[in-house]
Amino acid sequence: MPLKTLFLNPPSFENFDGGAGSRWPATREIESYWYPVWLAYPAGMLEGARLLDAPPHYVSAEETINIAKEYAFLVLYTSTPGFPGDIRLAQKIRDANPKIKICFVGPHVTVLPEKCLQDGAAIDFVVRKEFDYAVKEFAEGMPVENILGVSYRKNGAVAHNADRPQLQDLDSLPHVTDVYHRDLDVRRYNVPFLLNPYVSLYTTRGCPAQCTFCLWPQTTSGHAWRKRSTDDVAAEMAKAKEYWPYVREFFFDDDTFNIQKARTVELCAKLKPLGLTWSCTSRVTTDYETLKAMKESGCRLLIVGYESGDPQILKNIKKGATIDRARQFTKDAHKLGLVIHGDFILGLPGETRETIQNTIAFAKELDVETIQVSVAHAYPGTELFDFAVKNKFMVNGSMVDEGGHQLAHIEYPGLPADEILHSVHQFYDEYYFRPKAVFRILRKSMFNSDDRKRLYKEAKTFLKVRASRNKMFKDKDKVKPAAAPPPQEPVQV
């Protein structure tokens, strides 16, 4: 028998979505949770294992410590904002269960293995990059010295084993939906723009795009695009439909779901007979024919990273897309009846007050159904982090406030970090308080009482966070000496 293993997405800030399925770890303006997909794979490989996703199930730190007493091996997925709290939790687990072995995984320990081991005395070892088979091997008795991808303490120093080659045969992995069905309550998961309840999973790993800010391809999954067979995906979806007949939507949360047209069309042909409603990520480079095949097989919504309305910023971040292509993609998707959730980022290299206004205007021109606006976060291990450190643009020590909400920690000459953060809220106000957007929300709430209750709850949460942030900005303005802003020039990248 392997070591009895607990795979943990830990309790953290209240409503914090920072675990094994979150590319942008933070407490959202509206409470939401992604599935801990990365943890589910190895949790399905070990007999007697359990996946505990504490935040959406409202499992407290005290309850987590008590649960961990029953296990011999803990695998904890950490994040950059959550790491300080996670090592405190790990120490309390160790105090309550001195014999337990503790392993940390995730992008943060991948990039900073030595520092993490130095800061976290309770951590026995960390696994860099993909960790599916490394933790399985340890649970089955292999010494850490022989496990690829592991960093650990040895003779008073930190030893780093050679990297593990990327997993190529994704069909060899267990189906994460089997683990969800065993360990999770899918009704606990909510993402505001997806139908509720929803279930998410991956059909590929890696992303060939070179976006400088994107966390996973640069730290965990890499740029090599690896795919599951369409037969394996279709088989899992048929099973998932039987598991949860009440689930309203399935979400393919790949870094780049539809980057290969032939594979996308082939998969759509196998999903169509299942009669599912599903959604996915998409790049604006996707053509009309591919979008049409997706729509005809049950696709409802696309998450699209537009990022910026400034052409130079798109070049600076190596987005590999243009403003004109984004416009055409949006027209094609809307012509087919596809809903779009648009992602935008403020504070990317080259940002100025003018480019922020251009991006807000661009978003209103596109007029997608919902948006998410984030401040640029420079995670360790990304090209954006190296750029910000090299040019001394990093200003705040933390990416999040005491509640886990995002803080701006990059600023540029003439564009302070607080102004970037304030612009996020200006962006939301200008976008959602337009008559067209208000009418769209009201129309949606009229036809479904469950959606109406959900929208009401989400609106209250959003307005509460908005009011709190506005108060923070006003308080800072009261103590800030009046000064004329310096001339602003775009940052050269």
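Residues numbered from 1 in each chain as written. Predicted model: local features only at pLDDT ≥ 70, side-chain atom pairs only at ≥ 80, totals over all residues. Heavy atoms only, no water.

(A) Up close: the packing of helix 15 (residues 353-366) against helix 17 (residues 417-432). Two numbers describe how helix 15 lies on helix 17: the axes approach to 10 Å, and their chain directions differ by 25 degrees. By the angle between their directions, the pair helix 15 and helix 17 is classed as roughly parallel. Handedness of the crossing formed by helix 15 with helix 17: right-handed. Taken together, the residues of helix 17 that come into contact with helix 15 (itself represented by Arg353, Ile356, Gln357, Thr359, Ile360, Ala363 and Lys364) are Glu419, Ser423, Gln426, Phe427, Glu430 and Tyr431. In terms of residue class, the contact of helix 15 with helix 17 is built from 5 nonpolar, 4 polar and 4 charged. (Axes fitted to C-alpha atoms, helices over the stretch in contact; angles between N-to-C directions. Helix = DSSP H or I, 4+ residues; strand = E, 2+ residues; numbered from the N terminus. Parallel < 35°, antiparallel > 145°, perpendicular 65-115°, else oblique. Left-handed = near helix turned anticlockwise from the far one by under 90°. Contact = heavy atoms within 4.5 Å. Nonpolar A, V, L, I, M, F, W, Y, C, P; charged D, E, K, R; others polar.)

(B) Main features of a nonpolar patch on the surface. Taken together, the side chains of Phe433, Val438 and Leu442 define a hydrophobic patch exposed on the protein surface, amounting to about 270 Å² of accessible area. Secondary-structure assignment places valine 438 in helix 18 (residues 435-446). When its relative accessible area of 32% is taken as the criterion, valine 438 is described as partly exposed. (Patch = residues over 30% accessible without salt bridge, like charges linked within 9 Å, V, L, I, M, F, W, Y side chains within 5 Å. Areas by Shrake-Rupley, 256 points an atom, 1.4 Å probe, with all protein chains shown as cover. Salt bridge = Lys/Arg side-chain N within 4 Å of Asp/Glu carboxyl O. Buried < 20%, exposed > 50% of the residue type's maximum accessible area, 1.4 Å probe, protein only.)

(C) Quick peek at the packing of aromatic side chains. Within the structure shown, the criterion is met by 25 aromatic pairs. Here the aromatic rings of phenylalanine 73 and phenylalanine 125 are separated by 6.0 Å at their centres, their planes lie at 25 degrees, and the arrangement is stacked. Placement of the pair is phenylalanine 73 in strand 5 (residues 73-77) and phenylalanine 125 in strand 7 (residues 125-127), with a sequence separation of 52 residues. Residue classification places phenylalanine 125 among the buried positions, given a relative accessible area of 2%. Both rings, one in phenylalanine 125 and one in phenylalanine 138, keep their centres 4.7 Å apart while their planes meet at 55 degrees; by these two values the pair is tilted. Separated by 13 residues along the polypeptide, phenylalanine 125 in strand 7 and phenylalanine 138 in helix 7 (residues 132-139) bring together distant segments of the chain. The same class applies to phenylalanine 125 and to phenylalanine 138, which are both buried. Taken together, Trp34, Tyr35, Tyr180, Tyr189, Phe193, Tyr198 and Phe251 form an aromatic cluster joined through their ring pairs. (Phe/Tyr/Trp six-rings, centres within 6.5 Å; stacked < 30°, edge-to-face > 60°.)

(D) Layout of the environment of asparagine 9. Tracing the chain through its elements places asparagine 9 in strand 1 (residues 5-9). Separated by 2.6 Å, the side chains of asparagine 9 and aspartate 53 make a polar contact. (Polar contact = N/O pair within 3.5 Å; in protein donor to acceptor, adjacent residues only side chain to side chain.)

(E) Representation of the sheet that holds strand 7 in the model. Taken together, 7 strands build an open sheet; the order of strands is 4-1-5-6-7-8-9 and the sheet is mixed. Edge positions in the sheet fall to strand 4 (50-53) and strand 9 (157-160), since each of these pairs with one other strand and no more. Each strand of the sheet is rotated relative to its neighbour by a mean of 25 degrees, with strand direction disregarded. In this structure, strand 1 lies alongside strand 4, joined through 4 bridges in parallel fashion. Within the sheet, the bridge partner assigned to leucine 8 lies in strand 4 and is leucine 52. Along the sheet, helix 4 (residues 83-96) contacts strand 1, strand 5 and strand 6 (101-105); its crossing angle with strand 6, the most-contacted strand, is approximately 165 degrees. (Pairing = 2+ DSSP bridges.)

(F) Structural detail: the sheet that holds strand 17 (residues 370-375). Pairing within the open sheet is parallel, and its 6 strands lie in the order 10-13-14-15-16-17. Of all the strands in the sheet, the pair left with one neighbour each is strand 10 (198-201) and strand 17. On average, each strand axis in the sheet is inclined to that of its neighbour by 20 degrees, with strand direction left out of account. In this sheet, strand 15 (residues 299-307) lies alongside strand 14 (residues 278-282) in parallel orientation, the contact comprising 5 bridges. Each bridged residue has a counterpart across the sheet, and for cysteine 280 the counterpart in strand 15 is leucine 302. Of the strands in this sheet, strand 14, strand 15 and strand 16 (339-346) touch helix 14 (residues 323-335), which is tilted by about 165 degrees from strand 15. Set on the sheet, helix 17 makes contact with strand 16 and strand 17; between it and strand 17 the angle comes to about 170 degrees.

(G) Inspection of the nonpolar core at higher detail. Trp278, Leu302 and Tyr306 are the most contacted members of the largest nonpolar core, which has 125 residues in total. A total of 8 residues in this core trace back to one element, the largest contributor, which is helix 17. Filtering out sequence-adjacent residues up to four positions away, tryptophan 278 remains in contact with Glu249, Phe250, Phe252, Phe257, Cys268, Leu271, Met294, Ser297, Gly298, Cys299, Arg300 and Leu301. Core analysis: the next-biggest nonpolar cluster, separate from the first, contains 26 residues, Ala54, Leu74, Phe104 and Val158 among them. (Core = buried A, V, L, I, M, F, W, Y, C linked by side-chain atoms within 4.5 Å.)

(H) Region of interest: the side chain of threonine 230. In this fold, threonine 230 is placed in helix 10 (residues 230-243). On the accessibility criterion, threonine 230 (4% relative accessible area) is buried. The residues touching threonine 230, leaving out its near neighbours within four places in the chain, are Arg263, Glu266, Leu267 and Lys270.

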